[in-house]
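Chain and residue survey
The primary structure of each chain is shown beneath.
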Amino acid sequence: MKLLSASILAAALLAGCGSMSPTASAPDAPTRTADGVLVGPNGMTLYTFAKDTAGAGTSACLAQCAANWPALGVSETAKPMGGYTIIIREDGKRQWAYKGWPLYYWSKDAKAGDKTGDGVANGAWKVARP
């Protein structure tokens, strides 16, 4: 029953997203794109940070940066899949990365489809693309 409910929910989310399409099948990973941009399970735009190093397995966004740019968190049971990997943050929390780049939300995006963080900090923040 739980699997059926999850399947129905996933189908409903994807059906209601118009231009969104699957990009991976990890349960809590960003599994869709909207207009060529990765979005989290909540439909909000995801970003990458130029000060991170792809594949390093860490995040350079700490303290106040992390308050403004919340990490895309990972459940304890999630497993890496496809282009999605899991990094361990300085505070011990797990964060999704795509093609080695840690993924973040922007606290000033108010609704799904907002991309107000693109280009912030002299271009250091970019929307995440598949």
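Here the structure is a predicted model, which means the values were calculated and not measured.

Cut-offs applied
Numbers given for residues are sequential positions, taken from 1 along each chain in its written order. Local features in this predicted model are restricted to residues whose pLDDT is 70 or higher, and side-chain atom pairs enter the listing and the counts only when it is 80 or higher, whereas totals over whole chains, interfaces and linings include all residues. Remark: hydrogens and water are excluded; side-chain values derive from all non-hydrogen atoms of the structure. Numbering of helices and strands runs from the N terminus; a helix is a DSSP stretch of H or I covering at least four residues, while a strand is a stretch of E covering at least two. Categorising residues by exposure relies on relative accessible area from a 1.4 Å probe, with only protein chains included: less than 20% of the type maximum marks a residue as buried, more than 50% marks it as exposed, and the intermediate range marks it as partly exposed. Within this scheme the basic residues Lys and Arg register as positive and the acidic residues Asp and Glu register as negative, but His and the chain ends are omitted. Between Lys or Arg on one side and Asp or Glu on the other, a salt bridge is scored when a side-chain nitrogen of the former is within 4 Å of a carboxyl oxygen of the latter. Here a residue-residue contact requires only that any non-hydrogen atoms of the pair lie within 4.5 Å. Within a predicted model, pLDDT stands for the predictor's per-residue confidence, ranging from 0 to 100. The aromatic pairing rule takes the rings of Phe, Tyr and Trp, using the six-membered ring of Trp, and pairs them if the centres are within 6.5 Å, calling planes under 30 degrees apart stacked, those over 60 edge-to-face and the rest tilted. The term polar contact refers here to a pair of N or O atoms within 3.5 Å; inside protein, the definition further demands a hydrogen-donor-capable atom paired with an acceptor-capable atom, and it admits residues adjacent in sequence only when both atoms are side-chain atoms. Should DSSP find at least two bridges between two strands, the strands are regarded as paired.

Below, the discussion takes up the side chain of arginine 89. Mapped onto the elements of the fold, arginine 89 is located in the loop between β5 (84-88) and β6 (94-98). Of the side chains with opposite charge, aspartate 91 comes closest to the buried, unpaired arginine 89, at an N-O distance of 4.3 Å. Apart from residues no more than four positions distant in its own chain, arginine 89 is found in contact with Ser59, Cys61, Leu62, Ala66, Ala71, Gln95 and Tyr104.

Mean pLDDT over the chain stands at 83; residues scoring 70 or higher make up 76%. In the model, residues 1-25 has pLDDT below 50 throughout and makes 26 contacts with residues more than four positions away in sequence or in other chains.

Moving on, we get to the packing of aromatic side chains. Counting across every chain of the model gives seven aromatic pairs. For the ring pair tryptophan 69 and tryptophan 106, a centre distance of 4.0 Å and an interplane angle of 25 degrees mean the geometry is stacked. In this pair, tryptophan 69 is assigned in the loop between α2 (64-68) and β5 and tryptophan 106 in the loop between β7 (101-102) and α3 (120-123), connecting sequence segments 37 residues apart. In this structure an aromatic cluster arises from ring pairing among Tyr47, Phe49, Trp69, Tyr104, Trp106 and Trp125.

Take tyrosine 47: it is sitting in strand β4 (residues 47-49). Distance in space between the C-alpha atoms of tyrosine 47 and tyrosine 105 is 6.1 Å, their sequence separation being 58 residues. At 3.5 Å, the side chain of tyrosine 47 forms a polar contact with the backbone nitrogen of threonine 116.

Counted residue by residue, β6 has five buried out of five residues, so it is predominantly covered. Taking every second residue as pointing to the same face, both faces of β6 are buried, with Arg94, Trp96 and Tyr98 on one and Gln95 and Ala97 on the other. As defined by bridge partners, β5 adjoins β6 across five bridges and the pair is classed as antiparallel. Counted as the bridge partner of tyrosine 84 is tyrosine 98 from β6. Hairpin connection from β5 to β6: five residues lie between these consecutive antiparallel strands, with glycine 92 at a positive phi of about 90 degrees. Bridging between β6 and β7 involves two bridges; their strand directions are antiparallel. Across the sheet, tyrosine 98 pairs through a bridge with tryptophan 101, a residue of β7. Connecting β6 to the next strand, β7, in antiparallel fashion are two residues, including lysine 99 with a positive phi near 50 degrees.

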